[in-house]
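For reference, the chains in residue letters:
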Amino acid sequence: MTRSASPRSRSRGLAARVAVLAVLAVAAGAAAPASASAEVPRDFWGVIPINDLSSSEIDQMGSGNVGTLRLMFLWPAIEPKRDSYDWSYLDFVVANAARNGIEMLPFPYGTPDWVKVDCHGLDEGLCQRVPPLGSQEAKQAWSDFLADAVSRYGPEGTFWSDTSDAYNPPYLPIRRWQIWNEPSSQTYYRPRPDPKGYANLVKLSDEAIHSVDPEGEIVLAGIFPAPEGGKKFRIAPYLDAFYDVHGIGKHFDAAALHPYARTLNGLRKQIKNVRRQMRRGGSGGKPLWISEVGWGSDPPVANRPLIKGLDGQRELLERSFHLLASKHAAWKIAGVIWYAWRDPGFGFENCPFCSSAGLLKENGNPKPAWDSYVEITGGEPNPPSQPTPTPPPTSPPPPTSPIPPILP
């Protein structure tokens, strides 16, 4: 999406706090020529980080023609007390992304402990995954958070007009907002998936965001095809129940899928299944984001189908990207987000794949998959040598994700 160029100023220092959850997806496709990027706009290709980012990493994304940066806006970390915000890390990322021409795709997520929700006996960490729908006060708090985020980073956001700090990014406001994450999975939607409840969260979010930015785009959270809880939460029954909520189609602009497929046919079937459900729900003309896809580069082992080795990771990136680029018009694909940007340097007990899913190794050295990524996007693997602007004041600590990843 084209944005008007209007240089402005803004930012804050970095106090890196927000760590992105680990999520996974799998797909396969046909062989990929380097010309795949010619078929799609730059913001079609994106990444999602696990660790907090440095400005040099965002510069490297920019040189690699990464067009979209998907980032969790973790509400409990941003507003730990009511009306007490810490935007510092998000300011840092948004400013550096804008400087590199990278669009943001934020997904607000989580409920802070000062918001009263029914935790159903869950501990404090799990209770953060209960959506803020249990009372009018909780709903209002969520709406206020979203409105404040849009008021800061949207088209009329104070982030772009405040000249009191050192940042001076070009004007690249956030116009897309993805609501929550994998609501069909009990890992991310507690105490259990509830398609009608999620539809109400989407309605609430749409109204809050559009109260500040009437042209803002609402993107549904990515559907997980084989979640915990059995068949009733899989794609078709979940979306059927979601669309049963009266008027829900008026409250979002795009859907999203996390296609956990072991084969190309599986990927095709999942996308066609989602598109079929969208048509049945009256939103067949709306675009679809593939907001997570990726494989691990560790040496393959038995019963670990998402771990492919360095060459296998590279090959699957090429094949899946070519498939999705070549079918973007037919399948109305809005964009593809690679999980993940860089290996985190730690493991996840219930996600062996996640620790090696990065395009870069833990130390920042590129993998073969990064070379293929930039060949497809038409970018360069490394930024030109130059002084690093707007550095964080301190090195980010090792992140500890409050939301564990899930297995396929």
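Counting of residues starts from 1 at the beginning of each chain's written sequence and follows it residue by residue. Two thresholds apply to this predicted model, a pLDDT of at least 70 for residue-level local features and 80 or more for giving and counting side-chain atom pairs, whereas whole-chain, interface and lining totals are computed over all residues. Note that the side-chain values use all heavy atoms of the structure and ignore hydrogens as well as water.

Caption draft 1: Spatial organisation of helix H3 (residues 88-99). Elements are defined by DSSP. Helices are runs of H or I of four residues or more, strands are runs of E of two residues or more, and each kind is numbered from the N terminus. Each helix should span, by expectation, one fewer than its residue count multiplied by 1.5 Å. Between its terminal C-alpha atoms H3 stretches 17 Å, which fits the 16 Å expected from twelve residues at 1.5 Å a residue. Counting buried residues along H3, eleven of its twelve residues qualify, which places the element largely inside the surrounding structure. For H3, the elements touching its buried residues are helix H1 (55-63), strand E2 (68-74), helix H2 (75-78), strand E3 (103-109) and helix H5 (136-153). The cut-offs for exposure are 20% and 50% of the maximum accessible area for each residue type, with area from a 1.4 Å probe on protein chains only; residues under the lower value are buried, those over the upper are exposed, and the others partly exposed. Any two residues whose heavy atoms approach within 4.5 Å are treated as being in contact.

Caption draft 2: Up close: helix H9 (residues 309-326). Its 18 residues give H9 an end-to-end C-alpha distance of 26 Å, which sits within 8% of 26 Å, the value for a rise of 1.5 Å per residue. Taken together, the buried positions of H9 are Gly309, Gly312, Gln313, Leu316, Leu317, Glu318, Ser320, Phe321, His322, Leu323, Leu324 and Ala325. Elements in contact with the buried residues of H9: strand E1 (45-48), helix H8 (264-280), strand E7 (288-293), strand E8 (333-339) and helix H10 (368-377).

Caption draft 3: Seen up close, the environment of Arg129. As for its position among the elements, Arg129 is in the loop between helix H4 (124-127) and H5. A C-alpha to C-alpha distance of 9.1 Å links Arg129 and Cys119, two positions ten residues apart in sequence.

Caption draft 4: Broad picture of the packing of helix H6 (residues 195-210) against helix H7 (residues 235-243). To define axes, lines are fitted to C-alpha atoms, for helices over the stretch in contact only, and angles between the resulting N-to-C directions are given on a 0 to 180 degree scale. Look at H6 against H7: their axes get within 8 Å of each other, and the N-to-C directions meet at 50°. Put simply, H6 runs oblique to H7. Like other packed secondary-structure pairs, H6 and H7 cross with a definite hand, here right-handed. Contacts between H6 and H7 pair Pro195, Lys196, Tyr198, Ala199 and Val202 from the former with Tyr238, Ala241 and Phe242 from the latter. Note on residue classes: Ala, Val, Leu, Ile, Met, Phe, Trp, Tyr, Cys and Pro are nonpolar, Asp, Glu, Lys and Arg are charged, and everything else, Gly too, is polar. Split into classes, the residues belonging to the contact of H6 with H7 amount to seven nonpolar, no polar and one charged. These descriptions rest on fixed angle ranges, namely under 35 degrees for roughly parallel, over 145 for roughly antiparallel, 65 to 115 for roughly perpendicular, and the rest for oblique. Note on convention: the crossing is left-handed when the near helix lies turned anticlockwise from the far helix by less than a right angle, right-handed when the turn is clockwise.

Caption draft 5: Quick look at the nonpolar core. Grouping buried Ala, Val, Leu, Ile, Met, Phe, Trp, Tyr and Cys residues that are joined through side-chain atoms within 4.5 Å yields what is termed a nonpolar core. In terms of nonpolar packing, the biggest core is built from 120 residues, with Tyr198 and Tyr373 touching the most fellow members. For Tyr198, the contacting residues outside a window of four places in its chain are Ile179, Trp180, Pro183, Tyr189, Leu220, Ala221, Tyr238 and Phe242.

Caption draft 6: Main features of the pattern of salt bridges. Whenever Lys or Arg places a side-chain nitrogen within 4 Å of a carboxyl oxygen from Asp or Glu, that contact is recorded as a salt bridge. Applying the stated criterion across every chain yields a total of eleven salt bridges. With a shortest N-O distance of 2.9 Å, Asp59 and Arg99 are connected by a salt bridge. Placement of Asp59 in helix H1 and of Arg99 in helix H3 is noted, with a sequence separation of 40 residues between them. Exposure remark for Asp59: the relative accessible area of 6% places this residue in the buried category.

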